[in-house]
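The primary structure of each chain is shown beneath.
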Amino acid sequence: MKKIAIFGAGGFGKEVMMLIEQINASKLQWQILGFYDDGVEKGTIINEYEVLGNLADLNAVTGDISVAVAIGDSQIRFDIISRLSNPQLSYPVLMHPNVLTGKYVTIEEGAIITANNILTVNIEVGKFVILNLTCTVGHDAILEDFTSFMPSVNISGGVVVREGVYVGTGAQILNNIEIGAWTKVGAGAVVKESLPAHCTAVGVPAINVKYHE
Ligand SMILES: CC(C)(COP(=O)(O)OP(=O)(O)OC[C@H]1O[C@@H](n2cnc3c(N)ncnc32)[C@H](O)[C@@H]1OP(=O)(O)O)[C@@H](O)C(=O)NCCC(=O)NCCS
């Protein structure tokens, strides 16, 4: 069995722990070591698993360890991964056994795909993408690195989601549009036209309400 730790001991970290347990229930492959987190005291027990240290401790670990970076926010996840420098860490794809995918779907390292997602055909999922519960991804969609999709987001065919985009719960993205890098889409939004980079778009239809860094 391969050793795995979870970075992030918050709500999504606990859900990723459940995801790994469910992967193991389908086919035993992971020895779960525990959590790492910069904001939770070492030694804290969370649902049977110990907080083993912070980011510096993870950078000092010896031996090969897989890490799931379980941080829902795109920017914070990017920052954490940028600071993880230990060459013995690796970042597997974690995908719930009930996820439905076609064979022309590529998924890169560190992606986390939780239960009940459906990805159809000719889809690219980049590094450290998070697809939270029950999203659908249509044909020919491209989800670039560090994008994050909260529960029940529907991504139509031919959509391009640039690096670091965050999409809130229940948002709908219509076909053949592009969402610019690091843009945030509000929960419940309907995105019917392409959005620029670094903006926040909310509502039905989604309107750009502000720009951010
Ligand atoms: C879109 C979002 C990221 C914006 O967060 P933010 O950058 O802090 O922006 P603000 O809260 O300043 O909101 C900006 C404006 O948009 C409005 N707004 C924010 N989210 C909205 C939404 N989902 N739908 C409609 N309007 C929204 C705010 O009321 C505010 O309007 P105002 O300027 O008239 O007061 C956030 O509100 C959101 O929807 N997050 C998704 C949360 C989620 O899905 N969590 C799932 C966890 S599993």
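Here the structure is a predicted model, which is why all the values come from computation and not from measurement. (Residues numbered from 1 in each chain as written. Predicted model: local features only at pLDDT ≥ 70, side-chain atom pairs only at ≥ 80, totals over all residues.)

Draft legend 1. Region of interest: the overall build of the protein. Across its full length, the protein holds three helices and 25 strands. A globule of 213 residues ought to have a C-alpha radius of gyration of about 17 Å, and the protein, at 17 Å, matches this closely. Expressed as a percentage of its 213 residues, the buried residues of the protein come to 36%. Long-range contacts, defined as pairs at least 24 residues apart, comprise 28% of the intrachain contacts of the protein with a sequence gap of at least 6. (Helix = DSSP H or I, 4+ residues; strand = E, 2+ residues; numbered from the N terminus. Rg over C-alpha atoms; globule rule 2.2 N^0.38 Å. Buried ≥ 20, exposed ≤ 12 C-beta atoms within 10 Å, placed from the backbone. Contact = placed C-beta atoms within 7 Å.)

Draft legend 2. The sheet that holds strand β25 (residues 207-211), seen in detail. Pairing is mixed in the open sheet, where eight strands are placed in the order β7-β10-β13-β16-β19-β22-β24-β25. Since the sheet does not close on itself, it has two edges, and those belong to β7 (94-95) and β25, each with one partner. Of the pairings in the sheet, the one linking strand β24 (residues 199-202) to β25 comprises four bridges and is antiparallel in character. By the bridge assignment for β25, V202 is matched with I207. (Pairing = 2+ DSSP bridges.)

Draft legend 3. Quick peek at the nonpolar core. Core analysis: the largest hydrophobic core is formed by 56 residues, its most contacted members being V16, A68, A70 and V191. If you tally residues by element for this core, the top one is helix α1 (residues 11-26), at five residues. For this core, the domains that each give at least three residues are domain 1 (2-92) and domain 2 (95-202). In contact with A68, other than residues within four places in its own chain, are I4, I6, V16, L94 and I112. (Core = buried A, V, L, I, M, F, W, Y, C linked by C-beta atoms within 7 Å. Domains from an automatic or database assignment.)

Draft legend 4. How the structure looks around the environment of I81. In this structure, I81 sits in helix α3 (residues 74-83). Separated by 14 residues in the primary sequence, I81 and V67 place their C-alpha atoms 10 Å from one another. The contacts of I81, once residues within four sequence positions are left out, are V69 and F128.

Draft legend 5. Fine view of α3. Those residues of α3 lying buried are S74, R77 and I80. On an axial view of α3, the arc spanned by its buried residues comes to 130°, and they lie on one face. Facing away from the buried side of α3 by over 90 degrees, the exposed positions are D79, S82 and R83. (Arc of directions from axis to C-beta.)

Draft legend 6. Region of interest: the pairing of β25. Burial analysis of β25 places just zero of its five residues in the buried class, a small minority of the element. Counted between consecutive antiparallel strands, the loop separating β24 from β25 contains four residues, among which G203 sits at a positive phi close to 95°.

Draft legend 7. Main features of the site of the ligand. The local shell around the ligand holds 13 residues, among which M150, G168, T169, G186 and V202 are the closest. Among the residues forming the shell around the ligand, the class breakdown is five nonpolar, seven polar and one charged. (Near = placed C-beta within 6 Å. Nonpolar A, V, L, I, M, F, W, Y, C, P; charged D, E, K, R; others polar.)

Draft legend 8. Up close: unusual backbone geometry. Residue P205 follows V204 across a cis peptide bond; omega there is -5°. As for its position among the elements, P205 is in the loop between β24 and β25. Positive phi is not limited to glycine here, since N116 has a value of about 70°. Checked against the element boundaries, N116 lands in the loop between β10 (112-113) and β11 (118-119). Residues other than glycine seldom take positive phi values, yet D140 does so here, at roughly 60°.

Draft legend 9. A look at the sheet that holds strand β20 (residues 172-173). Across the sheet, which stays open at both edges, the six strands sit in the order β8-β11-β14-β17-β20-β23 with parallel pairing between neighbours. For this open sheet the edge positions go to β8 (100-101) and β23 (190-191), each flanked by a neighbour on one side alone. Two elements, strand β17 (residues 154-155) and β20, share two bridges in a ladder whose sense is parallel. Each bridged residue has a counterpart across the sheet, and for I155 the counterpart in β20 is I173.

Draft legend 10. A look at the domain arrangement of the protein. When cut into domains, the protein gives domain 1 (2-92) and domain 2 (95-202). If you average the C-alpha positions of domain 1 and of domain 2, the two centres end up 23 Å apart. Taken residue by residue, the interface counts 17 residues in domain 1 and 14 residues in domain 2. Breaking the side of domain 1 that touches domain 2 down by element, the ones donating at least two residues are α1, β5 (65-69) and α3. Here the element with the most residues in the side of domain 1 that touches domain 2 is α1; it accounts for six residues.

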